Amino acid sequence: MASGVKIDAGCKTAYDELHNKHLHSYIIFRISDDDTTIIVDKKGDKGAPYSEFVEEIRKAVGDGKECRYAAVDVEVQVQRQGTDAASKLSKVVFIQYCPDEAPVRRRMLYASSVRALKATLGLESLMQVQASDLSDLDEKSLKHELMSHQRI
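Every value quoted in this text rests on a predicted model; they were computed, and no experiment measured them.

Cut-offs and rules
- Residues numbered from 1 in each chain as written.
- Predicted model: local features only at pLDDT ≥ 70, side-chain atom pairs only at ≥ 80, totals over all residues.
- Heavy atoms only, no water.
- 1 Å grid on protein atoms, 1.4 Å probe; cavity = no way out; pocket = protein on both sides within 12 Å on 5 of 7 lines; lining within 4 Å.
- Points joined across faces, edges and corners; volume = space filled by probe spheres on them.
- Helix = DSSP H or I, 4+ residues; strand = E, 2+ residues; numbered from the N terminus.
- Nonpolar A, V, L, I, M, F, W, Y, C, P; charged D, E, K, R; others polar.
- Disulfide = S-S within 2.5 Å.
- Buried < 20%, exposed > 50% of the residue type's maximum accessible area, 1.4 Å probe, protein only.
- Pairing = 2+ DSSP bridges.
- Core = buried A, V, L, I, M, F, W, Y, C linked by side-chain atoms within 4.5 Å.

A. Structural context of the layout of surface pockets. The computed volume of the largest pocket comes to approximately 280 Å³. What lines the largest pocket is a set of 17 residues, and nearest its centre among them are Ser-25, Ala-48, Asp-73, Val-74 and Glu-75. Here the lining of the largest pocket takes four residues from strand β4 (residues 68–79), the largest share from any one element. A class-by-class count of the residues in the lining of the largest pocket yields seven nonpolar, five polar and five charged.

B. Representation of the state of the cysteines within the structure. Taken as a whole, this structure holds zero disulfides when the rule is applied. For Cys-67, which is in no disulfide, the shortest distance to another cysteine sulfur is to Cys-98 and amounts to 3.2 Å.

C. Molecular detail of the pairing of strand β2 (residues 24–31). Counting buried residues along β2, eight of its eight residues qualify, which places the element largely inside the surrounding structure. Two elements, β2 and strand β3 (residues 37–45), share seven bridges in a ladder whose sense is antiparallel. The residue bridging Ile-31 from the neighbouring strand is Ile-38, located in β3. Connecting β2 to the antiparallel partner β3 that follows it, the hairpin turn spans five residues, and Asp-35 within it adopts a positive phi of roughly 60°.

D. Expanded view of the nonpolar core. Residues Tyr-15, Phe-29, Ile-38, Tyr-69 and Leu-117 are the most contacted members of the largest nonpolar core, which totals 25 residues. Listed by contribution, the elements that provide at least two residues to this core are α1 (9–19), β2, β4, β5 (86–97) and α3 (104–121). Among the elements that make up this core, the one with the highest residue count is α3 (six residues).

E. Summary view of the pairing of β3. Taken together, the two bridges between strand β1 (residues 6–7) and β3 define a ladder with parallel strand orientation. What sits directly across from Lys-6, in β3, is Thr-37.

F. Inspection of unusual backbone geometry at higher detail. One non-glycine residue with positive phi stands out, namely His-22, at about 55°. In this structure, His-22 sits in the loop between α1 and β2. Given a relative accessible area of 31%, His-22 falls into the partly exposed group. For Asp-35, which is not a glycine, the phi torsion comes out positive at approximately 60°.

This is the structure we're talking about:
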């Protein structure tokens, strides 16, 4: 752990509920107020729209002085070769959101702590997005990016 920030056990539990059981549509993580632990900030109800996730991130960072991590369950329609029907594919995307307006110290703390969180959650194989503006979280471009990584 480069930053010395620990990962709260609730992060792994919440992530497993999202990834394996699909009990949530998203999870937002944050570094605790004393800068020692990554904790769960918010869990989105199962089936919550992506727009709700973006709104919760917007509220969490306020005027851009805070950063967040998130895991989002994104559903895309896939047309498989040789079939007529489209099927739904659900993929979890990891997001590191650090607005340019956030203080350098906050951005550095989040950047140096992300590896420990990803290792704890087992995120090495997930698509990952680094965002510095809400426009980087556009649902349409995120789904397009997901589709371009699929082997169908």
